[in-house]
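Notes for the structure review
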Amino acid sequence: MKAYMDNNATTSLKKEVLEAMLPYYTEVYGNASSKFYEVGRVAEKANADLHKAVADQIGAKPNEIYFTASGCEADNWAIKGVAFANKNKGNHIITTSIEHHAVLGACEFLEKNGFEVTYLPVDEFGRVSPEEVENAITDKTILVSIMTANNEIGTVEPISEIAKVCKAHKVIFHTDSVQAIGHMKIDVNEMGVDMLSMSAHKFHGPKGVGVLYIKSGVKIDNLIHGGGQERGKRAATENLAGMAGLAKALELANTDLDKKIAHMKYLRDKLIKGISEKIPYSRLNGPADDTRLCNNVNFSFKYVEGESILMLLDMKGVAASSGSACASGSLDPSHVLLAIGLPHEIAHGSLRLSVGDETTEEEVDYVIEVLPPIIERLRMMSPLYEEVLRKEVK
Ligand SMILES: *Cc1c(COP(=O)(O)O)cnc(C)c1O
């Protein structure tokens, strides 16, 4: 591979993270619930330490950290768990039209089970307005779920403002921070949120482990019934290796965070500038200011199809992603691109490039070099583009 440009999809596992995980696959094989012998007690202590390590990184208390098996699980639990536990208070939930499918899917499930969901629109940059959140709240509203940063177009939402609105109306507020961790400072108190989801593999941790932060006092149903793990809310023998991987990855992600953000911003802006200058009829999707995630680039190219761009990029050793049809396994282009108002044909020609703290300038330069001829080649096959060129000549 010449350039890995899909860090919003997943990231590589850092060597130090793997090293932090390995003891739990070898010496420390005890069950954290088996306290009558040494290897069980070591596991029990690790379990407590890992909750504290994660809590310290986001300003939470150890007993507010609940490990899950993924970001999707954390999102599903937050939404369904709060909905069912608070249904005596109301049946209304507010979210946005640009959430991850984990949130949207959970909301659609609830709609089939007696709940009502408002999907707030966003502006042309993908931004949610706190005033619209406030206007949507009724006396039946029990939960608001709005992502910290969008995974496709990188919009960072005004989370602390929305949190204030929710607090004033005594509505529980959940945020999906899966894309935000490692790309901005995340502190649950500064943000003012009641629940927050994260997933290790998006910040150089292992796949298959996430966290749901649940502020103490939030009423939520238990997710998995069984043993007493995770204060009885999510039974299952602890995945200590995964938890150790998440905790280590989170600590590393927050180490020299400002420096890493500056590095990713530099690469992001170089990509945006290079692509805008070299490729005509291109459009940057998402914000062009400080409310854009430091590592995300998303363009639409008129007269081409996203899938074809990915194929030709792959042949050049570039891994990227697109918001077009087949990538998402459905006929419609990305719901996020449609929500910011792009017509179908433009949304289909979209490309997401996402850098990471390990991305090099050489990788970025390489993409800026190979992408323009790819777009040009694809456009040469488009009858629409031919027409455009003919008109230009006239
Ligand atoms: C990746 C992602 C998820 C899902 O996380 P998994 O651990 O892959 O289940 C949820 N929300 C957002 C915003 C994501 O980018």
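In this text the structure is predicted, and so the values were computed from the model without any measurement.

A few words now on the layout of surface pockets. Approximately 650 Å³ is the volume found for the largest pocket. Along the walls of the largest pocket sit 38 residues, with His100, His101, Asn151, Glu152 and Arg352 positioned nearest its centre. Taken together, the elements giving at least two residues each to the lining of the largest pocket come down to helix 3 (71-85), helix 4 (101-111), helix 11 (335-339) and strand 12 (350-354). Looking at the lining of the largest pocket element by element, the count peaks at three residues for helix 3. Class assignment for the residues of the lining of the largest pocket results in 11 nonpolar, 20 polar and seven charged. The volume enclosed by the second largest pocket comes to roughly 320 Å³. Along the walls of the second largest pocket sit 20 residues, with Cys166, Lys170, Val171, Ile172 and Asp194 positioned nearest its centre. When contributions to the lining of the second largest pocket are tallied by element, the ones reaching two or more residues are strand 5 (141-145), helix 6 (159-168) and strand 6 (172-176). For the lining of the second largest pocket, the element with the most residues is helix 6, which contributes three residues. Of the residues assigned to the lining of the second largest pocket, the class counts are seven nonpolar, six polar and seven charged.

With 63 residues, the main nonpolar core has Val54, Phe67, Val144, Phe173, Met198, Phe203 and Leu246 as its most contacted residues. It is helix 8 (residues 240-254) that contributes the most residues to this core, 10 residues altogether.

Positive phi, close to 55°, is recorded for Lys170, a residue that is not glycine. Counting through the fold element by element, Lys170 comes out in the loop between helix 6 and strand 6. Assessed through its relative accessible area of 77%, Lys170 is described here as exposed. A positive phi is found at Arg231, a non-glycine position, where the angle reads about 50°.

Attention now moves to the pairing of strand 8 (residues 210-214). Most of strand 8 sits out of view: five of its five residues are buried. Judged by which residues are buried, strand 8 turns out to be covered on both faces: Gly210, Leu212 and Ile214 on one side and Val211 and Tyr213 on the other are all buried.

Looking now at the packing of aromatic side chains. Going through the model one piece at a time under the given rule, you end up with six aromatic pairs. Ring centres of Phe84 and Phe115 lie 5.4 Å apart, and the angle between their planes is 85°; this geometry places the pair in the edge-to-face category. Of this pair, Phe84 sits in helix 3 while Phe115 sits in the loop between helix 4 and strand 4 (116-120), and the two are 31 residues apart along the sequence. For Phe84, a relative accessible area of 27% puts it in the partly exposed group. Its relative accessible area of 5% is what places Phe115 among the buried residues. Ring geometry for Tyr281 against Tyr303: centres 5.7 Å apart, planes inclined by 80°, an arrangement best described as edge-to-face. Here Tyr303 lies in the loop between strand 10 (296-301) and helix 10 (306-315) and Tyr281 lies in the loop between helix 9 (257-278) and strand 9 (282-284), a separation of 22 residues in the sequence. Of the residues examined, Tyr281 reaches a relative accessible area of 29% and is grouped as partly exposed. One aromatic cluster is present, formed by Tyr281, Tyr303 and Tyr385 through successive ring pairs.

Near the ligand there are 13 residues, and of these Gly71, Asp176, Gln179, Ser199 and Lys202 occur at the shortest range. At a separation of 2.8 Å, an oxygen atom of the ligand approaches a polar backbone atom of Gly71. Take Asp176: an N or O atom from its side chain is 2.6 Å from a nitrogen atom of the ligand. Within the complex, 89% of the 380 Å² of free accessible area of the ligand lies under protein. Spatially, the ligand is embedded in the largest pocket. The leading source of residues in the shell around the ligand is helix 3, at three residues. Partitioning the shell around the ligand into residue classes produces three nonpolar, seven polar and three charged.

Our focus in this paragraph is helix 3. Counted at 1.5 Å a residue, the expected span for helix 3 with its 15 residues is 21 Å, and the 21 Å between its end C-alpha atoms agrees. Of all 15 residues in helix 3, 11 are buried, a share of seventy percent or more. Of the residues making up helix 3, those classed as buried are Gly71, Glu73, Ala74, Asp75, Trp77, Ala78, Ile79, Gly81, Val82, Ala83 and Ala85. Structurally, the start of helix 3 carries an N-cap: the backbone nitrogen of Cys72 is 3.3 Å from a side-chain oxygen of Ser70.

Cut-off values and rules
- Residues numbered from 1 in each chain as written.
- Predicted model: local features only at pLDDT ≥ 70, side-chain atom pairs only at ≥ 80, totals over all residues.
- Heavy atoms only, no water.
- 1 Å grid on protein atoms, 1.4 Å probe; cavity = no way out; pocket = protein on both sides within 12 Å on 5 of 7 lines; lining within 4 Å.
- Points joined across faces, edges and corners; volume = space filled by probe spheres on them.
- Helix = DSSP H or I, 4+ residues; strand = E, 2+ residues; numbered from the N terminus.
- Nonpolar A, V, L, I, M, F, W, Y, C, P; charged D, E, K, R; others polar.
- Core = buried A, V, L, I, M, F, W, Y, C linked by side-chain atoms within 4.5 Å.
- Buried < 20%, exposed > 50% of the residue type's maximum accessible area, 1.4 Å probe, protein only.
- Phe/Tyr/Trp six-rings, centres within 6.5 Å; stacked < 30°, edge-to-face > 60°.
- Near = heavy atom within 4 Å.
- Polar contact = N/O pair within 3.5 Å; in protein donor to acceptor, adjacent residues only side chain to side chain.
- Areas by Shrake-Rupley, 256 points an atom, 1.4 Å probe, with all protein chains shown as cover.
- Sits in = over half its atoms within 2 Å of the grid points.
- Expected span 1.5 Å × (residues − 1).

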